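The primary structure of each chain is shown beneath.
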Amino acid sequence: MTRRQFLARSALCGTAAWLATGTAGKAFAAASQGKPLGIQLYMVLKAYQDDPIGALKTLKSIGYTEIEAIITSTAATLRGQLDATGLRCPSLHFDGIGFEPGIEASHTLGAHYIVSSMLPAIMQKEAAASGKPGEQDYSLDGAKRTAEYANRLGEKAKQAGLQYAYHNHHLEFSDVGGGQTFYDVLLRETQHDLVQFELDCGWVHMGGKNPADYFKANPGRMPLMHAKDFLPGAGNGSYPGSELGRGTLDYQPIMAAADRAGLKHCFVEQEGPFSRISQLDAARIDYDYLRPWR
């Protein structure tokens, strides 16, 4: 099951080779600034469910300092596990539990950002509950309605002392007319202080766009990102995940653009299936690949 399928269901119901001198040495020196690197808990969900403390300790030993939460038991349970393993939780995806419970969970976890993983799916669920079933709408009108909804969530989050952020998949980068995408409309029609964005770079790429371009064009709007990649040939309904550095994206220019745009938290996330390598082994490869640019 891909993360997109997982979220839709819940919503609807090699650094050691670097040299110490020259160009490589400069890059390594930049990496030693010690910016935090996090991981989305969904990526290691099976390992976490099998052995919560063991999985979190392994993530900490790899070098991760932050996790982005999804709630599979209770926020209090997760908070205790994070405290026991020395990990922080600055961000929560609320789709699986709802927005109001998400606010309470965010406070319990000490998170500042409350994020929708698939807002069009949430809107579809609410429409169905009111007797108006329909498909997720990625048209121009759908983008405007989504922006309005996001503004309302952002206001509620602000009142609760939190910051709302919108996480994308690939369909947000479809053309809605006039040379603009669904995502472009969201950026334009949401209030900057109420709605910020978590740019999922892998899904941006699957949507046919360059993640670095969005960071460059929108400084201050994207404090969060997902570092994700897919195997060559992904697309057309099949999106097998790849470890970073083994797919199709070069993250060095993306990270440079993200940092210049004011990135605060980078979360590694890999789609399944994990048939070639375990979740925790993939997490280690992803960390080793990305660390030189953090």
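Thresholds applied
- Residues numbered from 1 in each chain as written.
- Predicted model: local features only at pLDDT ≥ 70, side-chain atom pairs only at ≥ 80, totals over all residues.
- Heavy atoms only, no water.
- Helix = DSSP H or I, 4+ residues; strand = E, 2+ residues; numbered from the N terminus.
- Areas by Shrake-Rupley, 256 points an atom, 1.4 Å probe, with all protein chains shown as cover.
- Buried < 20%, exposed > 50% of the residue type's maximum accessible area, 1.4 Å probe, protein only.
- Contact = heavy atoms within 4.5 Å.
- Lys, Arg positive; Asp, Glu negative; His and termini not counted.
- Salt bridge = Lys/Arg side-chain N within 4 Å of Asp/Glu carboxyl O.
- Phe/Tyr/Trp six-rings, centres within 6.5 Å; stacked < 30°, edge-to-face > 60°.
- Pairing = 2+ DSSP bridges.
- Axes fitted to C-alpha atoms, helices over the stretch in contact; angles between N-to-C directions.

Where an unreviewed UniProt entry is consulted, the protein chain appears under the name Sugar phosphate isomerase/epimerase, with the organism given as Rhodanobacter caeni.

Asker: Provide a residue-level description of the overall build of the protein chain, including the pertinent values.
Answerer: In terms of helices and strands, the protein chain carries 13 helices and 12 strands. Accessible surface for the protein chain amounts to roughly 12400 Å². Of this, 52% is attributable to carbon and sulfur atoms.

Asker: How would you summarise the environment of M43 if you had to cite specific residues and measurements?
Answerer: Position of M43 relative to the elements: it lies in the loop between β1 (38–40) and α3 (45–50). On the basis of relative accessibility, which here comes to 0%, the residue M43 falls in the buried class. Remark: the alpha-carbon pair of M43 and A283, spanning 240 residues in sequence, is separated by 8.1 Å. Residue contacts for M43: discarding those within four places in its chain leaves V268, E269, Q270, F274, Q279, A282, A283 and D286.

Asker: So what about the side chain of D286? Which residues, and what values?
Answerer: Along the chain, D286 turns up in helix α13 (residues 279–290). For the buried D286, which has no salt bridge, the nearest side chain bearing the opposite charge is R246, at an N-O separation of 7.5 Å. Residues in contact with D286, not counting those within four places in the same chain, are M43, Y64, E243, L244, V268 and Q270.

Asker: Talk me through the environment of L290; I want residue IDs and the actual numbers.
Answerer: By the secondary structure assignment, L290 is in helix α13. A relative accessible area of 0% means that L290 is categorised as buried. When the C-alpha atoms of L290 and A227 are compared, they prove to be 8.5 Å apart, with 63 residues separating the residues in sequence. Every residue in contact with L290, bar those within four places of it in the chain, is listed here: L37, A227, L244, Y251, M255, C266 and V268.

Asker: Can you tell me about the packing of aromatic side chains, naming the residues and giving the values?
Answerer: According to the stated counting rule, one finds 12 aromatic pairs in the structure shown. Ring plane angle 65° and centroid distance 5.1 Å describe the contact between W203 and Y239, whose orientation is recorded as edge-to-face. Note that W203 is positioned in helix α10 (residues 201–206) and Y239 in the loop between β10 (229–230) and β11 (241–242), a separation of 36 residues in sequence.

Asker: Can you tell me about the sheet that holds β1, naming the residues and giving the values?
Answerer: The strand order β1-β2-β3-β4-β5-β8-β9-β12 describes a closed barrel built from 8 strands, whose pairing is parallel. Going from strand to strand, the sheet's axes swing by 30° on average, the running direction of each strand aside. Pairing between strand β3 (residues 88–93) and strand β4 (residues 113–116): 3 bridges, direction parallel. Residue L92 lies in a different strand from β4, and its bridge partner there is I114. The sheet strands contacting helix α12 (residues 251–260) are β9 (224–227) and β12 (265–268), and the helix crosses β9 at an angle near 175°.

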